[in-house]
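# Structural overview for review
What follows is each chain in one-letter form.
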Amino acid sequence: MNSNNHPEFEQERNRLTSTIAYMKKMIDLIVENRQGQREEIRQAFIDLDFLDSSQSYISILVTTKLLEYGKEHFYQLNRGLEKPYFARIDFKQAETPDFKRYYIGKVSLLTKEDQEPLILDWRSPIASIYYEGRLGAVDYQTPTGTISGELALKRQFTIEEGQLFEIRDIDITTNDAFLQASLEANVDHRLKDIATSIQAEQNRVIRADMTPLIVQGVAGSGKTTIALHRMAYLIYTYQDRFIPENFIILGPNRLFINYISEALPELGAERVTQTTLIDFLLELIGKSAKVKLVPPEQKLFRLLDENNQSSINSANIIGASEFKGSIHFKDTLDHYVDRLQETFVPNVDFMLGEHVILEAEDVQRIFLEEYSFLPLQKRIEMVKKVLTNKLKAAKEPILKLVEEEFSRQIEEVRFSSEFDDDLRREKAIALVDLRNIALTKLTNSAKTVVKKYLALFPKIDLLRHYQRIITDPTIILGPREKDLDRAVLEYMCSSSGELISQNKLELEDLAPLAYLKHLLIGYEEKFGVSHVFIDEAQDLSIFQFYTLRTILKTDMFTIFGDLAQGIHSCRGIKSWDQVKQDVFPDLDCNYLTLEQSYRTTIEIMDYANEVIKKVKSTDILLAKPVIRHGTPPYIIDFKSVKDMVLGIESLLEIQLASGYKSIALIGKTLKECQLLKKNLTKSYEILQGDETIYEGQILIVPSYVAKGLEFDAVFIFNIHEDYSDEELDLKLLYVAITRARHCLYRMSLSK
């Protein structure tokens, strides 16, 4: 209902005014308390008794914690002043007489006097009613069980800069005016906050249990935004178990990381670690293998060559990438290290002088059995500890034994009747000298004997071991001879060997190398990661998933992706069942879908679905667009490049005049984009995927870089490079089409 006609408008406006006044009062109180708390900490340090300091330490810790909480609450309240809440529900719990009003916002606020909620955080359990409940009987889940009751009112507010503009009473949120207004609005390059318009299927993903979660979300379903809101929900709900630093987001590129960074503070997740998968894997490998990475898009360029997609060479490229990303390659590395460890221990007794402290077979038993759960390098370190302790225990008895043996010999000489006095004296002195030399030699030897023994172990050169594996067909095949095509095997060995000889690696090599480091060397640091969020996960390989789980030592993954957008399927997954079976075989993964597309119109989404239907895969999920109509896609043919450029420039003027804030000119490849830019009269930035930020209303974007972005209007142009019915081309075209929110042009040269 329009605000001018709503009977409770004045009442709600007064409530908003009093809420903002209370928030300002609380902000002033926090500022006032802050100075007093700082003074308490200063005084506690002055009073600190180093002999009996427990009480002073407790005082410092408690006050510091209060200061940190006050600081966080101060920022939350300040952020919420312009829009304290966005909804209200009236709910009566079963077997209670009265309805209670709950106002829902992005900040939690209780009255200081009686701890009554003025504002409920959108992540609180009861707020789920707003997102999923309909008027009448409802229930919601809490940590202690299910709460049932009755929902009498769902109300939405339009509040801007602390002023109430509109009130709407609704039943369901799927087609509500808030959502419609959000969908119809024009967008800039910032990620949207959707807490006010979360839909039921999105809410179920956000609030899903803390098990491995796989989300297949169609283009425009809000995967990235939902991922961030789920992270914010988990941080809020499990704040007694986790801190934001325990979470990590792995994105496809640095542009994505910058794209999400502005939204994180609003969600209270600014301290979450954000990085790309490539950067994280390179960090894992670290100094263990100094290599340069071949730009990942180079392989895509080769596969996009129209004359190459169905060639034998293309099949070899795809086959090699698939193998490097498979669980079979992981098995190959395991088998290699199993064989390597058998020859790793020197077949030499550990001795001090001529005295055996530990026999070779005992050292082997320690290395191969007692510490078999450790990487080889860490086993050597444990062997070192064992040898050091054994030496420490044996050193004095050995010295004593040597000394006793010389003493016995000296006594025999002294009392021997075979020699005269002078000769006996001479021989005794010689034995004393030999004894001293032997004891000194043993004492000195004890200082270096462990180090010398450990030097008999082979040095671990991570890159050389990987090179040995990836270039030797017999090692790769092992017991799996029938699993890899001979031509693919030969191509993989030769191409990988050529790259490594130049200290270069492909993206597909990073996870295997990081995993091999885990087996051979191990990782010194504890990463402190309890929950991993991955976006655009369809482009990850099974081996990459497995490596992340193994090295980070966590089962808590939230995985978002869309198989229809798997443009790197040569190294990515083919189905989510692969992930469940090969990465989490011991766990019950939660699999959810986001089928509604909120980005684009019905007409554009129908066109996109017709394209992706041509891909022969039962795992691809077709999008269901939200009820929002627009103009059908414009399919335009031009006689020449000049005509196409004139057409694009003319239509750009029209779209800008209509108020569109973001427009993308999408070409199939970078080469195609560069050709268009050269012919346009105005200069526009070409996105290449390695940017951390981009500016401008109009951008030129290669199709494979556009993934994850959205624009008010999209121009898909084909000058010399058209889209075929090959799977890769169809997925790239699908990605390009689904970037458009309101308007789509597809432009080609007449055949």
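Structure's up top.
A few points on the structure. (Residues numbered from 1 in each chain as written. Predicted model: local features only at pLDDT ≥ 70, side-chain atom pairs only at ≥ 80, totals over all residues. Heavy atoms only, no water.)

### Comments concerning the packing of helix H16 (residues 462–470) against helix H18 (residues 486–501)
Relative orientation of the contacting elements H16 and H18 amounts to 155 degrees, with a least axis distance of 9 Å. It follows that H16 is roughly antiparallel to H18 by the angle criterion. Considering only the axes of H16 and H18, their crossing is left-handed. Seen from H16, the contacting residues are Leu-463, Arg-464, Tyr-466, Gln-467 and Ile-470; seen from H18, they are Met-492, Cys-493, Ser-496, Ile-500 and Ser-501. Of the residues assigned to the contact of H16 with H18, the class counts are six nonpolar, three polar and one charged. (Axes fitted to C-alpha atoms, helices over the stretch in contact; angles between N-to-C directions. Helix = DSSP H or I, 4+ residues; strand = E, 2+ residues; numbered from the N terminus. Parallel < 35°, antiparallel > 145°, perpendicular 65-115°, else oblique. Left-handed = near helix turned anticlockwise from the far one by under 90°. Contact = heavy atoms within 4.5 Å. Nonpolar A, V, L, I, M, F, W, Y, C, P; charged D, E, K, R; others polar.)

### Some thoughts on the sheet that holds strand S24 (residues 711–718)
Strands sit in the order S20-S25-S24-S21-S23-S22 across an open sheet of six strands; the sheet is parallel. The open sheet has two free edges, formed respectively by strand S20 (634–638) and strand S22 (685–686), since each of these has just one partner strand. In this sheet, S24 lies alongside strand S21 (residues 663–667) in parallel orientation, the contact comprising five bridges. Bridged to Ile-666 within S24 is Ile-716. Across the sheet, helix H22 (residues 602–612) lies against S20 and strand S25 (740–749), angled at about 50 degrees from S25, the strand it touches most. (Pairing = 2+ DSSP bridges.)

### Focus on unusual backbone geometry
Positive phi values are uncommon outside glycine, yet Glu-161 reaches one of about 50 degrees. Locating Glu-161 in the fold gives a position in the loop between strand S6 (145–160) and strand S7 (163–170). At Lys-553, a residue that is not glycine, the phi angle is positive and equals roughly 55 degrees. Relative to the elements of secondary structure, Lys-553 occurs in the loop between helix H20 (542–552) and strand S16 (557–561). On the basis of relative accessibility, which here comes to 72%, the residue Lys-553 falls in the exposed class. (Buried < 20%, exposed > 50% of the residue type's maximum accessible area, 1.4 Å probe, protein only.)

### Concerning the nonpolar core
Membership of the largest hydrophobic core comes to 165 residues, with the highest contact counts inside it found for Phe-457, Val-579, Ile-648 and Leu-665. Looking at this core element by element, the count peaks at 13 residues for helix H14 (residues 376–414). For this core, the domains that each give at least three residues are domain 2 (344–456) and domain 3 (629–747). Look past the residues within four positions of Ile-648 in its chain and what remains in contact with it is Leu-665, Leu-676, Leu-680, Phe-715, Phe-717 and Met-747. Ranked by size, the runner-up nonpolar core spans 50 residues in total, among them Tyr-140, Ile-206, Ile-260 and Val-272. (Core = buried A, V, L, I, M, F, W, Y, C linked by side-chain atoms within 4.5 Å. Domains from an automatic or database assignment.)

### Topic: the sheet that holds strand S9 (residues 247–251)
In a beta sheet, neighbouring strands are held together by backbone hydrogen bonds and run either parallel or antiparallel to one another. The six strands lie next to each other as S10-S9-S15-S16-S8-S17, forming an open sheet whose pairing is parallel. Both edges of this open sheet fall to strand S10 (273–276) and strand S17 (590–594), since each of them pairs with a single strand only. Averaged over all neighbouring strand pairs, the angle between strand axes comes to 15 degrees, with direction disregarded. In this structure, S9 lies alongside S10, joined through four bridges in parallel fashion. For Gly-251, the partnering residue across the bridge sits in S10 and is Thr-276. Along the sheet, helix H6 (residues 223–237) makes contact with strand S8 (213–217), S9, strand S15 (531–534), S16 and S17, crossing S15 at roughly 165 degrees.

### Here's the deal with the packing of aromatic side chains
One pass over the structure, following the stated rule, counts 26 aromatic pairs. Centre to centre, the rings of Phe-86 and Tyr-130 are 6.0 Å apart; their planes meet at 55 degrees, and the pair counts as tilted. On the criterion of sequence distance, the pair formed by Phe-86 in the loop between helix H2 (54–80) and strand S1 (87–93) and Tyr-130 in helix H3 (residues 128–132) is long-range, its members being 44 residues apart. Accessibility assignment for this pair places Phe-86 and Tyr-130 in one class, buried. Between Phe-323 and Phe-329, the aromatic rings sit 5.3 Å apart at their centres with planes inclined by 40 degrees, giving tilted as the arrangement. Each member of the pair Phe-323 and Phe-329 is classed as buried. The aromatic ring of Tyr-103 is capped on one face by Arg-15, whose charged end is 3.6 Å from the ring centroid. (Phe/Tyr/Trp six-rings, centres within 6.5 Å; stacked < 30°, edge-to-face > 60°. Lys NZ or Arg CZ within 6 Å of the ring centre and 35° of its normal.)

### Considerations on the pairing of S16
Across the five residues that make up S16, a large majority, five, are buried. Along S16, one buried face is formed by Phe-557, Ile-559 and Gly-561 and the opposite face, lined by Thr-558 and Phe-560, is buried too. The sheet contact formed by S8 and S16 spans four bridges and is parallel. Counted as the bridge partner of Val-215 is Phe-560 from S16. The pairing of S15 with S16 spans three bridges and is parallel. When the bridges of S16 are listed, Phe-533 appears paired with Thr-558. Taken together, S15, H20 and S16 constitute a β-α-β crossover, and its handedness is right-handed. (Right-handed = clockwise from strand over helix to strand, strands pointing away.)

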